[in-house]
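Below are the chains, spelled out letter by letter.
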Amino acid sequence: MKPEKPFVRVVAGVAYRDGRLLAALRPEGKPYAGRWEFPGGKVEPGETDEDALRRELHEELGVEARIGDEIDVRRHEYPEKIVELHFYRIVEWREEPLAIGVGALRWFTPEEAGEAPFLEGDREFLTKMKNPSFVKERFS
């Protein structure tokens, strides 16, 4: 019998402005380095999703963010683990984000993001972001 893969709950912040999404590049030394993803990370024991996302955004981007509604949930099985991704709208932040705990930051249109090397777990969400009614419903 094959051992079960670890299950990880992850929160991802979706900042969307002027038709573009903010993405973070995974830095050297981390698994999947050189791949783009939405800023966020693992939910630690005792944390709510919103608290985990605020913490991760502060650590990675140096921002204090106001978190909005959950806008999507995806589950993806990587070779070494199963990740459940909870995507939350970032309503606002006080400062402009900086690449503190990430390799780089970039604003992508959904079409550009579809061509970039994003983590597999984010790809289905990116496909949804190409649908104007999905975007209007979640970001208006």
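To start, this report covers the structure provided alongside it. Just so it is clear, the model here is predicted, and its values are computed rather than measured.

A word on the pairing of strand E3 (residues 20-25). Along any regular strand the residues' side chains alternate between the sheet's two faces. Relative to E3, strand E2 (residues 16-17) is paired through two bridges, and the arrangement is antiparallel. Looking at the pairing, Tyr 16 lines up with Leu 21 of E3. Between the antiparallel neighbours E2 and E3 lie two residues, among them Asp 18 with a positive phi of about 50°. As defined by bridge partners, E3 adjoins strand E8 (residues 104-108) across five bridges and the pair is classed as antiparallel. By the bridge assignment for E8, Ala 24 is matched with Leu 105. One ladder, built from two bridges, connects E3 with strand E4 (residues 36-37); its direction is antiparallel. Following the sheet pairing, Leu 25 is matched in E4 by Trp 36.

In this structure, Val 14, Phe 38, Phe 87, Phe 108, Phe 118, Phe 125 and Met 129 are the most contacted members of the largest nonpolar core, which totals 24 residues. Among the secondary structure elements, those contributing two or more residues to this core are strand E1 (7-14), E3, strand E7 (82-93), helix H3 (120-129) and helix H4 (132-139). Counting residues per element, this core draws most heavily on E1, at four residues. Residues contacting Phe 38, with those up to four places away along its chain left out, are Ala 12, Gly 13, Val 14, Leu 21, Leu 22, Phe 87, Phe 118, Asp 122, Phe 125 and Leu 126. By size, the runner-up hydrophobic cluster in this structure holds 16 residues, among which are Ala 52, Leu 57, Tyr 88 and Ile 90.

Calculation notes
- Residues numbered from 1 in each chain as written.
- Predicted model: local features only at pLDDT ≥ 70, side-chain atom pairs only at ≥ 80, totals over all residues.
- Heavy atoms only, no water.
- Pairing = 2+ DSSP bridges.
- Helix = DSSP H or I, 4+ residues; strand = E, 2+ residues; numbered from the N terminus.
- Core = buried A, V, L, I, M, F, W, Y, C linked by side-chain atoms within 4.5 Å.
- Buried < 20%, exposed > 50% of the residue type's maximum accessible area, 1.4 Å probe, protein only.
- Contact = heavy atoms within 4.5 Å.

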